[in-house]
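Coordinate analysis (summary)
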Amino acid sequence: MTHLLHGLRCATCLTLNALWLDPLRGLVECSECGQTALIVTDPDEGRTA
């Protein structure tokens, strides 16, 4: 179950609207160049300072 990330640009190839979020695997992937990035989730959602 992946989601297209609208309005974001790949930092490697600079393609707009090519990033897909895969929350189950914890990564974002560019469909144009194949670059991947791991995501870090915040279980606290920024509630503590």
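The next point concerns the environment of Cys13. Here Cys13 lies in the loop between strand E1 (3-4) and strand E2 (19-22). By relative accessible area, Cys13 is classed as partly exposed at 28%. Residues Cys13 and Cys33 lie 20 residues apart in sequence; the distance between their C-alpha atoms is 6.6 Å. Cys13 has contacts with Cys30, Glu32 and Cys33, leaving out every residue within four places of it along the chain.

Unlike most non-glycine residues, Leu14 shows phi in positive territory, near 65°. Mapped onto the elements of the fold, Leu14 is located in the loop between E1 and E2. With a relative accessible area of 52%, Leu14 lands in the exposed category. Of note in this structure, Asn17 is not a glycine but carries a positive phi near 60°.

Each value, and the rule that gives it
Residues numbered from 1 in each chain as written. Predicted model: local features only at pLDDT ≥ 70, side-chain atom pairs only at ≥ 80, totals over all residues. Heavy atoms only, no water. Helix = DSSP H or I, 4+ residues; strand = E, 2+ residues; numbered from the N terminus. Buried < 20%, exposed > 50% of the residue type's maximum accessible area, 1.4 Å probe, protein only. Contact = heavy atoms within 4.5 Å.

The analysis is restricted to geometry; functional conclusions fall outside its scope.
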